[in-house]
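What follows is the residue order along each chain.
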Amino acid sequence: MSTRFDDLDPADRFTDLDQLVFAAMLLGSVFIGIFVAMGEAHQSHSDYLMGSHSLNCWPVAFSLAASFTSALTMLENPAEVYRFGSTAGLIGIAYCIMVVISAEVFLPIYYRLDIGSTYEYLQLRYNKYIRMLGTVMFMIITIIYTGIVLFSPSHALNKVTGVQLWESIISTAVICTFYCTVGGLKAVVWTDVFQFTLMICALLAVLIRALIIKGGIGPIIDDAVDGGRITKWDFDPNPLRRHTFWTVVVGGTFNWLSIYGTNHCQVQRYLACRSQREAKKSLYITLVGLCLILCSSIGCGFAMYSIYKDCDPWTAGFVSAPDQIMPYFVMDILGDFPGLPGLFVAGTFSGTLSTLSSSINALAVVTVEDLIKPNFKVSETNLAWISVGTKVLYGSVCLSMAGVASVMSSFLQAAFSLFGIVGGPLLGIFLLGILMPFANSKGAFSGLLCGFIIVLWIGFGSRRHPAPPHRTLPLPLSVRNCTKYNTTQLTTTLHPTTSARPGKKDYWWFSLSYLYFNPLGTLITFTVGSIMSLVTGGLDQHVESKLMYGKEDIMANFRYWKNKWVQLSNRLRPTVQPVACGQLPSTTGAVEDTLPLEDNRERKSTLLSEGGKSTQLLEGKSNLLLEPKSTQLLEGKSNLLLEPKSNLVLKGKSNQILKGKSGLLLEGKSNQLLKGKSGLLQKHLK
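The residue numbering used here restarts from 1 in each chain and proceeds along that chain's sequence as written. Given that this is a predicted model, residues contribute local features only at a pLDDT of at least 70 and side-chain atom pairs are listed and counted only at 80 or more, while totals for whole chains, interfaces and linings are drawn from all residues. Water and hydrogen atoms play no part in the side-chain values, which are based on all heavy atoms of the structure.

1. Re the overall build of the protein chain
- Helix and strand definitions follow DSSP, with helices as H or I runs of at least four residues and strands as E runs of at least two, each counted in order from the N terminus. Each helix and strand in the protein chain was counted, giving 23 helices and two strands.
- Relative accessibility thresholds used throughout: buried, under 20% of the residue-type maximum; exposed, over 50%; partly exposed, between the two (1.4 Å probe, protein chains only). The burial tally for the protein chain puts 54% of its 686 residues in the buried class.
- For the protein chain, the proportion of contacts with a sequence separation of at least 24, taken over those separated by at least 6, is 81%.
- Here the Shrake-Rupley method, with its probe set to 1.4 Å, supplies the accessible areas, and only the displayed protein chains count as covering residues. Accessible surface for the protein chain amounts to roughly 30,600 Å². Of this, 62% is attributable to carbon and sulfur atoms. Contacts are assigned to residue pairs that have any heavy atoms within 4.5 Å of one another.

2. Regarding the state of the cysteines
- Cysteine sulfur atoms are paired as a disulfide whenever they come within 2.5 Å of each other. Taken as a whole and judged by the stated rule, the model has one disulfide.
- The disulfide bridge from cysteine 311 ends at cysteine 482, spanning 1.8 Å between sulfur atoms. Measuring the twist about the S-S bond at about 110°, one finds the cysteine 311-cysteine 482 disulfide to be right-handed. Of this pair, cysteine 311 sits in the loop between α12 (276-308) and α13 (325-334) while cysteine 482 is found in the loop between α18 (469-472) and α19 (517-535), placing the two residues 171 residues apart along the sequence.
- A relative accessible area of 11% places cysteine 482 in the buried class.
- Cysteine 291 provides the cysteine sulfur closest to cysteine 96, a residue in no disulfide bond, and the two sulfurs are 5.1 Å apart.
- Residue cysteine 96 is classed as partly exposed on the basis of its relative accessible area, which comes to 34%.
- Unpaired in terms of disulfides, cysteine 265 finds its nearest cysteine sulfur in cysteine 398, a separation of 9.1 Å.

3. Comments concerning helix α17 (residues 441-464)
- Between the first and last residue of a helix there are one fewer steps than residues, each counted as 1.5 Å, and that sum is the expected span. The terminal C-alpha atoms of α17, which comprises 24 residues, lie 35 Å apart, in line with the 34 Å expected from a rise of 1.5 Å per residue.
- All of the buried residues along α17 are Gly443, Ala444, Ser446, Gly447, Leu448, Gly451, Val455, Ile458, Gly459, Gly461 and Ser462.
- Its side-chain oxygen 3.4 Å from the backbone nitrogen of lysine 442, asparagine 440 forms the N-cap of α17. The definition of a polar contact used here is a pair of N or O atoms within 3.5 Å, where within protein one atom must be able to donate a hydrogen and the other to accept one, and adjacent residues in sequence count solely through side-chain atom pairs.

4. What to know about the environment of methionine 139
- Tracing the sequence through the fold places methionine 139 in helix α7 (residues 128-160).
- Distance from methionine 139 to alanine 364, taken between C-alpha atoms, is 9.8 Å for residues 225 residues apart in sequence.
- Those residues in contact with methionine 139 that sit more than four places away from it in its chain are Leu363, Val366, Thr367, Leu371 and Tyr394.

5. Quick notes on the packing of aromatic side chains
- Between 30 and 60 degrees the pair is tilted, below 30 it is stacked and above 60 it is edge-to-face, where a pair is any two Phe, Tyr or Trp rings, Trp via its six-membered ring, whose centres lie within 6.5 Å. Counting across every chain of the model gives 21 aromatic pairs.
- With centroids separated by 6.3 Å and ring planes inclined at 40°, the aromatic side chains of phenylalanine 106 and tyrosine 110 adopt a geometry described as tilted. Separated by four residues within a single helix, phenylalanine 106 and tyrosine 110 lie in helix α5 (residues 91-113), roughly one turn from each other.
- Judged by its relative accessible area of 1%, tyrosine 110 is buried.
- On the numbers, 6.5 Å between centres and 50° between planes, the contact of phenylalanine 151 with tryptophan 166 is tilted. Placement of phenylalanine 151 in helix α7 and of tryptophan 166 in helix α8 (residues 165-214) is noted, with a sequence separation of 15 residues between them.
- Given a relative accessible area of 2%, phenylalanine 151 falls into the buried group.
- Members of the aromatic cluster, each reached through a chain of ring pairs, are Tyr119, Tyr121, Phe138 and Phe430.
- Lying over the aromatic face of phenylalanine 84, arginine 242 brings its terminal NZ or CZ to 4.1 Å of the ring centre. Two thresholds decide whether a charge sits over a ring: the Lys NZ or Arg CZ must be within 6 Å of the ring centre and within 35 degrees of the ring normal.

Now the structure itself:
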């Protein structure tokens, strides 16, 4: 299929209705922020920054899924699949591993300590200097990463709508800073829910339209297989390969674990839940949202290749960068439907707004909790104003960092490299403190310093000495059916060469896959930190058990799931117990005649009364003497005629035949089998 607007500027197809949809998204985000601010009275800066610790799992789950599902996912994931194939989809396995570790290891410790900032743990486990170092590293990585995701969707606007690059960047930053400052964390979470919905709708609109064009999913899959986009998993353990099963799964697990386990942008959300159980639910629900977005973006990548397999717009020069292929594709297939291109642009910017608001709020939290409160005596009123002021400040700082991001060639790869260089060593000192009881501050500092320096050296070296072409070039792309070329932007990807660089030394250690930066930093930090802790007397210290992940945490999970299994088994398994022979007749018809149907199914209990006191013969939900379906004498939680733990006819002072809540046949004071107006059992036996 050739592109359908070779002579038409794609921006000309972006109608007023599309602009209205995009504007509605921005105004909707602002409205949510104002609405939350009007309905919420913040009593303290903690309520403002942490949502009063009153959120339930569902909005938090959507917020967790949206905050790091930025415009990078909307633009670069489909382009990644289009150029390199489906190997990137293996990140879904990493999502599963990451969520389990975050929910079962990190989250219980944070809730047990009742911390206000993730890096408060570092002071409790090591000392205040390690906490300060971790906070500064987090602030650096967050500001730089936010600059990347703030700049990237502007490519979509610049190509699709013709809006000036910096106008879109500034408007996004201003709107996000406004609603984040006005409404606090609750506004951030609820706007994330709105923005997550828009992202899903945008991706599904593109995917559904592509399915209609190709006549179903079958042709798309066939084209992906024929073009090498869907192949068998590559289990090559070589860490120098860009994407294999091991680099994506192992590297992706460490990268996302450093985000969801130790990065306060994510941790602040599940710490804002009203209970630990709600927080854990939110993480597992997040997994569904992450996989939904991943599958949708990968499907768009396959559809894009199926339509452009014979006329690649990047090779033909119609777009100047790979991250512009997706918005070009959107205008190509949705340009005839006014409003849908605007929906996609709105969804793309929703990812940016979500990430930016999360970063601004997290930076404000760590500034107040880690830098100001431990070092200065400030009143609650002043802390509230400082919280507001820091959000405005960090909104401006992140905006300025977008200019730095404009010189990066690959946003997705740069983002993961960044998290590897800084996030890996940070993850290493958290794991060291959580798992190793002998870890001390000297070991943590030594490991953090070594891990950061080594990975930083490799990261910068990989930019100066790129990996050999045969490890990084995309799969073949064709232009044989293109009707026209843009010769001013024509790229050289049509016939890539795979030969090694002649006359140059191959610095293979700089060719490490960017996904391995994080595992390498974590491993170096953990190993060096363990050795130095042992050397510097770590075995002589005593560490409180609440700071560690140990046997109690494992057993707590075991007991919880054991109880769930027992409850499920009790529901599925019949609770019929044998009745002694001769006690009651085997037929139930007479009893059913004696007890009306409405008494059997609607009344809560049949009472045996004496002198105003009532002795219940049957108590439970259905109060059947003998139920046809199960032939149970008593039905309820434990009101059985013969109960295993109390299989006695006469027991103690009260001579109970039936032991439950109140189902007594013989009571100490009256010793009557059946007495009163409702002696139905006696009548039946006669």
